[in-house]
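Architecture and fold: a report
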Amino acid sequence: MSNSSTSDLLKPFKLKTKQQELLIRVSILCLVYILAFITRLFSVLRYESMIHEFDPYFNYRTTLYLTQHGFYDFWNWFDYESWYPLGRIVGGTLYPGLMVTAALIYRLLHFLRFAVHIREVCVLTAPFFASNTTLVAYFFGKEIWDSGAGLVAAILIAVCPGYISRSVAGSYDNEGVAIFALLFTFYLFVKAVNKGSLAWGLASAFGYFYMVSAWGGYVFIINLIPLYVLVLLITGRYSMRLYVAYNCMYILGMLLAMQIRFVGFQHVQSGEHMAAMGVFFLMQVFYFLDWVKHMLSDTKLFQEFLSITVTCAVAAGGIALGVGMASGYISPWTGRFYSLLDPTYAKDHIPIIASVSEHQPTAWSSFMFDFHILLFLFPAGLYFCFKRLSDATIFIVMYGLTSMYFAGVMVRLILVATPAVCLISAIAVSATVKNLTVLLRSKNKVAQIGSTKGTSSAKASSKASLDQSQPFQKNGAMALLFGAFYLLSRYATHCTWVTSEAYSSPSIVLAARGAHGNRVIFDDYREAYFWLRQNTPPDAKVMSWWDYGYQITAMGNRTVIVDNNTWNNTHIATVGRAMSSYEDEAYEIIRSLDVDYVLVVFGGVTGYSSDDINKFLWMVRIGGGVFPVIKEPDYLVNGEYRVDKGAAPKMLNCLMYKLSYYRFGEMMTEYGKPPGYDRARGVEIGNKDIKLEHLEEAFTTSNWIVRIYKVKPPNNRW
Amino acid sequence: MEAPIRAREALGFILFSLLFSICRSSSLNHLLISNAERRIDLSSHIVKVYLTLKVENAGSTPTSEVLLSFPPTQADHLATVEALVTKGKRKKTTLVRLDVKATELPDAPNDAKYFTIYLANPLKSGESTTIEVLYLLTHSQEPFPAEIAQSESQLVYYRDSALILSPYHIKQQTTFIKTPSTKVESFTRVEPSNRAGTEIKYGPYEDHPPYSFSPILIHFENNSPFAVVEELVREVEISHWGNLQVTEQYTLVHAGARHKGVFSRVDYQSRPTLNGASSLRYLLARLPPRVHSVYYRDEIGNISSSHLRTDSRKSELEIEPRYPLFGGWKATFVIGYGLPLQDFLFETSDDRRYLNFTFGCPLLETVVDKLTVKVVLPEGSKDPSAVVPFPVEQHLETKYSYLDVVGRTVVVMEKKNLVPAHNSHFQVYYTFKPIFMLAEPLMLASAFFLFFVACVAYLHIDLSIRK
């Protein structure tokens, strides 16, 4: 706001309104960019610069391999350290986008003479891409609504817990870059549809390629975009722009995606990708009909031609699909895809998917936790979108609605919904605030402009206030504005709190409060993995439940039988069977797998509840799914899972129980409780006199969280 | 070397027909040792031997060189040899350090290895002097049994000779061996010898000719952890902005009796004295005072079990490995810390700079098998030269760190078989122009400047093709 009373000295620095706006916009974006980065650094400050959780350890290990051996070795890497004795073709079974991105950043930094370690690059990749996502959100918001909505969207997505949960520093997972790629692809596609330019279509194809290289969630794009095109066709919004954008994006994107070995020919062979191909052909038919219509002047003739062509096209498509399916050329939908469409599918058919906590259906509380006020702003934003329908707003509405459905099916897919929710909510916030400020700044004589008010009750009241006298209306607008800012500030506080409390724990290192309020750190996982790395033979094979496979190979540098890749259900079931058998039966299995060490995670001393005893029923279920010898009821008493004296005899003598509680009966865990009191489950254990015949204790960490047993060689027969 | 050869020439005609060994020994200046006392301290895994020799010149020519000899097995494990001589009378005695150098004699019996002590004043005929010799042996206690279970204590063999191996005639000698505890399984008796408490006494033995040897074997309990650093790389990086950054990479191993069978955490936690008595629970590192930003980590991240105690004279860092080290177990880790530069970097009168820093490993009671010290000089420094009080292998490298263009010169020094006694100072001299300090800030500033110029240019230039 240039002030005429400013002295002449300041005149050269006086900015035009447009320049001021640019300055404010750029500085807000810069601040948001920085905010998105630093809000994700809680875990680095509280703990250290380390990789979190399970899957990121595999990604880190492969990235390390990539930087050390180069791209071609990485691409052709056969990893004999996992899935012993099968091994894993790493290059052909992963999405390399994340690793290549991190390796490129690493190379670039080294080229610029920043001698950083690859671990720091990996730790900070996710926050860096989260920052980039805020920029994309800004441009996307600008494209579908206006630059104000873009700015709000950038701010909302920068701190939204739903996104932060997967992109804190150290969470080096595919999702970290994939959400960026997803939103970027959508933005480029919407831009291409709006402009009808081949260049933007090409850009969106490359965005899609990056997304395919980064995450399996690309299937969402390749189904959403055809659906969107279909909706536009049905609603009569077909245009040349759409034709150019979709065809360019689909054909080029498909060809590029085929370069990723893990995806290969799925675009033409798998059921999940057929919708896109169908829409592609439909578009050609549409275009052809359009052209014929243009050529033919006779509408009656055209009607006949139309019916024939449509019948033929549908018939040809149906036959092609049927033949493809019948001959096995087109594979049917996978179990994972089914479980998305039908939430109960996994529970009945694929226990290995159902056993993962992040694949559970979402509870209402976690929606509230991850979205906070966005959950209420989302419908308001949808209203605004419907009020101003355009190709772009239709897209964001469809993206929002479909992703919300998927977010309801699986907890982890809240992540996919987050950008849409943020964008739509940003529209609601931006439109409301804009209307209110226009109202505030309007002079008394200006006519009422309340016609574009929102639907929520707050806005209804503001509408009511419009009918009153002007000062009252201004006060109402003022109050509403304050209310909006109050809500937004609550949102910011909530997001920071959630990030700090819930999403910034590395889960490798556990922290607890000690008796005197000091922080106690349980670093048992790394203790055990480092022990494995240093004090076992380099070719030792370690058997554990699959959750710890990636960590053992990455931190322990030892061969594992199964890991988090879970590509071979039978192999996992064999391990599950070994864990749930009696020791001598298990020994046979262990010998047949050539195992040297068995690793179990046990929380009875510290009260750490996500240990192997609590996961044990899943081992039984997965094992029993392949080997009917293992029956779940054998481990339950009246349908109840117990470990105390009343537990099932098979439970008290199975390998997992023995390994977890070996010599635990001598241990005093809590004052005033009998020895052998399990703090994780709050009971005294039922079998205190555990003798091991074929295994011996090799190492137990200081808080007993990880216990490693050595498999003895077979006894001499003579 | 010259003196014995000359002496030999003189005597050569007369003693022509004598046995070779006798010929040699008698040729050695006619020195004889009138009294020798040896105290061997076996209480830790580094064997400390204090040797007090009363040397007498029985010959006619003055000499300033005294030879020490070691059997080859011991010579391989010899970490350091020091010789001192007392000066002054009665209360005002001061110890003066003498030069000691490894010497090759062409025809040593049974490959014995020699060290020559150079006396400050030549020993005249008929005179005698007392020399104190201290030498340290590493890897000289052999665990037997070689593998023990968690609850067993560690027994070791120590091999030596009851008689001091010397190229000179020794009139009278006594050896005292101090064991860490009273638990001695067995020891070779060479009469007169006896054991009282933690001490075994051999001797006194009278009049033994040169190269007398009488092997002894002592089997005793030694539960001190055998902390051996197989490889240590110390990197000292000088920044003229006021910081000295030290990074030390350790490969630590417990070189005692190998752990066998079960490791039970219950036993280890409930009865720590009986179980895993020889295990390595913690290490103490003595760091310079005013140390800051200390970290202790390994390949997979930070290790939270360490404590730093600082006072004005020294800093002590107590580190616990992730797990207790039993025999044969390994651990690798990195310690890093920063130090104020003014405590260690000085200027010479001729405008050169030099770093004055300790050479050895800061861990107490630790043997280092191989030590590499790398001194990373700031970018742009020239003519590096190192001064080390003992022989080391040296070469130069180039390292690229943050924002380096031409790379930093690294002075690399390597030495094998080190004990804490090697923690003496060394100096690295170099020349450096302070203008180079500004190179990196200027580079950064110009990069940012170019970036902003590019931004301004982008905002002011219209790049569209169509007008």
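Residues numbered from 1 in each chain as written. Chains lettered and ligands numbered in written order. Predicted model: local features only at pLDDT ≥ 70, side-chain atom pairs only at ≥ 80, totals over all residues. Heavy atoms only, no water.

Put simply, the rule is: UniProt positions are given in the numbering used here, feature names are shortened, and annotations may be inferred rather than shown by experiment.
As recorded in an unreviewed UniProt entry, chain A goes by the name dolichyl-diphosphooligosaccharide--protein glycotransferase, listed as coming from Gossypium raimondii. Reading the Catalytic activity (unreviewed entry) entry of the UniProt record for chain A gives the comment "a di-trans,poly-cis-dolichyl diphosphooligosaccharide + L-asparaginyl-[protein] = N(4)-(oligosaccharide-(1->4)-N-acetyl-beta-D-glucosaminyl-(1->4)-N-acetyl-beta-D-glucosaminyl)-L-asparaginyl-[protein] + a di-trans,poly-cis-dolichyl diphosphate + H(+)". We quote the UniProt Pathway (unreviewed entry) comment for chain A here in full: "Protein modification; protein glycosylation."

A look at the interface of chain B and chain A
The criterion, for reference: Residues are treated as being in contact if the distance between any of their heavy atoms lies within 4.5 Å. A quick way to say it: buried area is the sum, across both parts, of accessible area lost when two parts are put together, with a 1.4 Å probe. Any carboxyl oxygen of Asp or Glu within 4 Å of a side-chain nitrogen of Lys or Arg constitutes a salt bridge here. Helical segments are the DSSP runs of H or I of at least four residues, strand segments are the runs of E of at least two, and each set is numbered from the N terminus. Residues were grouped as follows: Ala, Val, Leu, Ile, Met, Phe, Trp, Tyr, Cys and Pro as nonpolar; Asp, Glu, Lys and Arg as charged; and all remaining residues, including Gly, as polar.
Each side of the interface is counted separately: chain B has 29 residues, and chain A has 29 residues. Together chain B and chain A conceal approximately 2700 Å² of surface at their shared face, both sides included; 52% is due to carbon and sulfur atoms. Looking only at chain B, the three residues that lose the most surface to chain A are Arg265(B), Val266(B) and Ile300(B), adding up to 23% of its buried area. Salt-bridge contacts for Asp267(B) lead to Arg663(A); the nearest nitrogen and oxygen are separated by 3.0 Å. Listing elements by their share of the side of chain B that touches chain A, those giving two or more residues are helix H4 (265-270), strand S20 (292-298), strand S21 (301-302) and strand S24 (330-340) of chain B. When its residues are assigned to classes, the side of chain B that touches chain A shows 12 nonpolar, nine polar and eight charged.

Overview of a nonpolar patch on the surface
The condition that has to hold: Each patch is built from residues that are more than 30% exposed by relative accessible area and take part in no salt bridge. Like charges join if they lie within 9 Å; nonpolar side chains (Val, Leu, Ile, Met, Phe, Trp, Tyr) join within 5 Å. Computed with the Shrake-Rupley method and a 1.4 Å probe, the accessible areas treat only the protein chains shown as cover for residues.
A contiguous nonpolar patch, built from Leu22(A), Val26(A), Tyr458(B), Leu459(B), Ile461(B) and Leu463(B) and spanning about 640 Å² of accessible area, is present on the exposed surface. If you list the elements that add at least two residues to the nonpolar patch, you get helix H1 (17-38) of chain A together with helix H5 (439-460) of chain B.

Some words on the UniProt feature "domain: STT3/PglB/AglB core" (unreviewed entry) in chain A
Summarizing the sequence annotation, UniProt attributes the feature "domain: STT3/PglB/AglB core" (unreviewed entry) to residues 541-598 of chain A in the numbering used throughout. Between the C-alpha atoms that bound residues 541-598 of chain A the distance is 9 Å, and the span itself is 50% helix and 12% strand.

Regarding the sheet that holds strand S22 (residues 306-310) of chain B
All names here are of chain B. Our working rule: One bridge is not enough; two strands pair if DSSP finds at least two bridges between them. Here the axes come from fitting lines to C-alpha atoms, over the contacting stretch only for helices, and the angles between their N-to-C directions go from 0 to 180 degrees.
One open sheet holds the three strands; their spatial order is S19-S23-S22, and the pairing between them is antiparallel. At either end of the open sheet lies a strand with only one pairing partner, and these are strand S19 (283-287) and S22. Sheet twist, expressed as the average angle between the axes of neighbouring strands with direction ignored, equals 20°.

Description of empty space enclosed by the protein
Residues and elements named next belong to chain B. Spelled out, the test is: Within this scheme a cavity is a closed region of a 1 Å grid, computed over the protein atoms alone, that accommodates a 1.4 Å probe without allowing it to escape, whereas a pocket is open but has protein on both sides within 12 Å along at least five of seven lines; lining residues each have an atom within 4 Å of a point. Grid points are joined across faces, edges and corners, and a volume is the space filled by probe spheres set on the points.
On inspection of all chains with the given rule, the structure shows six cavities of 30 Å³ or more. There is about 140 Å³ of room inside the largest cavity. Around the largest cavity, the lining comprises 19 residues; the ones closest to its centre are Ser69, Phe70, Tyr135, Ile164 and Leu165. Contributing elements (two or more residues each) for the lining of the largest cavity: strand S1 (31-41), strand S2 (47-57), strand S3 (63-70) and strand S10 (155-161). Considering every element that reaches the lining of the largest cavity, the biggest residue donor is S3, with four residues. Within the lining of the largest cavity, the residues separate by chemical class into 13 nonpolar, four polar and two charged.

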